[in-house]
Amino acid sequence: MFPIAHFLYLGAFLFSAGLVIVIVKKNMIMVLLGIELMLNASNLNLVTFNQLYPDSIQGQMFALFVIIVAVSEAAVGLAIVIKVYHYYQTSVPDEINELKD
Amino acid sequence: MNIASFMFYFFEFAAASSAFALIFIRNVFYGALLLIICLLALAGIYVLAFAEFIAVAQILVYAGGILVVIIFGIMLTTKISGKPLVVEHMYELSGTLAGLSLLALLIYVISRETSFAERAVYQQQYDSVNRIGIDLMSEFVMPFEIGGILLLIALIGAAVTASTIKSK
């Protein structure tokens, strides 16, 4: 079978790619996509480290709860993106630098 | 090379290459489609790591739920001009530097621990789906219920935030 390190390398790569996307992209939806990628990388690590302790299942349970929180985050985040776009007519996060007009 | 390891490395290559292409893509819609590929490949990897329930939840929640919401968001925040939405890049140098240094650090730490390279993934003694069902209703019932309440709050909050009805 395949060694655990290969899972961990993939998780590290996905997390770094998500970080680069969050920093580099100039669009709020792309930033949300990067955050989803980072959450999935952490999920992959949780599932993988669960294999180190074969009697317990807590890693998989934690991955399940991470998925629940990711859903809430995506829904509320996109609602905020749509509201901000209607108000400021822009989806560039750096152009929104005031809480109030 | 047997079929399981072929599938594992195929899924791993698909996930890594679509995440890598997501860094360079300029069209938001294509970015969402690339993210679907990455998440479905990750679901395949979960199956090969003997986490079947997580794999099914991944497909249901991400490919079925989050991506539909994201594509709705893309369509609602695009001006109707017929042209695709092009995303500019900023802070390219510092972003690449941060990502590469984090990747180098993680690879160094993982490769230093030799037990990770020797230890293989193998099937647990128990049935994973069965075990998750029993544990959700016994040991993890409190976070399970809190997760339900969180989802309800997020649903109401997202609906109220995105609604266009003026409040007094």
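Residues numbered from 1 in each chain as written. Chains lettered and ligands numbered in written order. Predicted model: local features only at pLDDT ≥ 70, side-chain atom pairs only at ≥ 80, totals over all residues. Heavy atoms only, no water.

Enquirer: Whenever I open this one, the overall build of chain A confuses me. Can you help?
Expert: Helices and strands together make up the secondary structure of chain A, namely three helices and zero strands. For chain A, the succession of helices and strands along the chain, N to C, is α-α-α. In summary, chain A has a C-alpha radius of gyration of 17 Å against a globular reference of 13 Å for 101 residues, an excess of more than 25%. The principal-axis extents of the C-alpha atoms in chain A amount to approximately 55 × 25 × 15 Å. (Helix = DSSP H or I, 4+ residues; strand = E, 2+ residues; numbered from the N terminus. Rg over C-alpha atoms; globule rule 2.2 N^0.38 Å.)

Enquirer: I'm lost on the nonpolar core in this one. Help?
Expert: Most often, soluble globular proteins have nonpolar side chains that are buried together. Counting 72 residues, the largest nonpolar core has F7 and L37 of chain A together with L22, I45, I54 and I70 of chain B as its most contacted members. Breaking this core down by element, the ones donating at least two residues are α1 (4-24), α2 (28-50) and α3 (58-88) of chain A together with α1 (3-24), α2 (28-48), α3 (52-76), α4 (92-112) and α6 (128-137) of chain B. Every residue in contact with L22 of chain B, bar those within four places of it in the chain, is listed here: I21, K25, M30, L33 and L37 of chain A together with G31, L34 and L35 of chain B. (Core = buried A, V, L, I, M, F, W, Y, C linked by side-chain atoms within 4.5 Å. Buried < 20%, exposed > 50% of the residue type's maximum accessible area, 1.4 Å probe, protein only. Contact = heavy atoms within 4.5 Å.)

Enquirer: Quick question: what am I supposed to make of the interface of chain B and chain A here?
Expert: When the parts of a complex come together, some accessible area is lost, and that lost area is often used as the size of the interface. Listed as interface residues are 84 residues of chain B and, on the opposing side, 65 residues of chain A. With both chains or domains summed, chain B and chain A bury close to 7,000 Å², and 76% of this area falls on carbon and sulfur atoms. Taken together, chain B and chain A are joined by 12 residue pairs in polar contact (both at pLDDT 80 or more). (Buried area = accessible area lost by both parts, 1.4 Å probe. Polar contact = N/O pair within 3.5 Å; in protein donor to acceptor, adjacent residues only side chain to side chain.)

Enquirer: Teacher, can you tell me more about the confidence of the model for chain A here?
Expert: Low pLDDT means the predicted coordinates in that region are not meant to be read closely. Here chain A shows a mean pLDDT of 87. Residues at 70 or above account for 99%. No element of chain A has a lower mean pLDDT than α3 of chain A, at 88, and none a higher one than α1 of chain A, at 92. (pLDDT = per-residue confidence, 0-100.)

Enquirer: Help me understand the packing of α2 of chain B against α3 of chain B, please; the structure alone is not making it clear to me.
Expert: Describing two packed helices takes the angle between their axes plus the distance from one axis to the other. All names here are of chain B. Between α2 and α3, the shortest axis-to-axis distance is 9 Å and the interhelical angle comes to 175°. It follows from the interaxial angle that α2 and α3 lie roughly antiparallel. Residue-level contacts link V28, F29, A32, L35, I36, L39, L40, L42, A43, Y46 and V47 of α2 to I54, A55, Q58, I59, Y62, A63, L67, I70, I71, I74 and M75 of α3. A class-by-class count of the residues in the contact of α2 with α3 yields 21 nonpolar, one polar and no charged. (Axes fitted to C-alpha atoms, helices over the stretch in contact; angles between N-to-C directions. Parallel < 35°, antiparallel > 145°, perpendicular 65-115°, else oblique. Nonpolar A, V, L, I, M, F, W, Y, C, P; charged D, E, K, R; others polar.)

Enquirer: Before we go on, may I ask you to explain the packing of aromatic side chains in this structure?
Expert: A complete count under the given rule lists six aromatic pairs over all chains for this structure. Considering the side-chain rings of F13 of chain A and F20 of chain B, the 6.2 Å spacing of their centres and the 35° angle between planes classify their relative orientation as tilted. On the criterion of chain membership, the pair formed by F13 of chain A in helix α1 and F20 of chain B in helix α1 is interchain, its members lying in two chains. Using a relative accessible area of 22% as the deciding quantity, one classes F13 of chain A as partly exposed. Of the residues examined, F20 of chain B reaches a relative accessible area of 43% and is grouped as partly exposed. Note on F10 of chain B and F11 of chain B: the rings are 5.8 Å apart at their centroids and 50° apart in plane angle, and the pair reads as tilted. The exposure class assigned to F10 of chain B is partly exposed, which follows from its relative accessible area of 47%. One aromatic cluster is present, built from ring pairs that chain together F7 of chain A together with F8 and Y9 of chain B. (Phe/Tyr/Trp six-rings, centres within 6.5 Å; stacked < 30°, edge-to-face > 60°.)

Enquirer: When you look at the side chain of N27 of chain B in this model, what are you seeing that I'm missing?
Expert: Residues and elements named next belong to chain B. Relative to the helices and strands, N27 is located in the loop between α1 and α2. For N27, a relative accessible area of 17% corresponds to the buried category. There is a polar contact of 3.0 Å between the side chain of N27 and the backbone nitrogen of F29.

Enquirer: It is not clear to me how a nonpolar patch on the surface should be interpreted in this structure. Could you clarify?
Expert: A cluster of nonpolar side chains, I3, F6, M7 and F10 of chain B, forms an exposed patch at the surface whose accessible area comes to about 430 Å². Of note, F10 of chain B is situated in helix α1. (Patch = residues over 30% accessible without salt bridge, like charges linked within 9 Å, V, L, I, M, F, W, Y side chains within 5 Å. Areas by Shrake-Rupley, 256 points an atom, 1.4 Å probe, with all protein chains shown as cover. Salt bridge = Lys/Arg side-chain N within 4 Å of Asp/Glu carboxyl O.)

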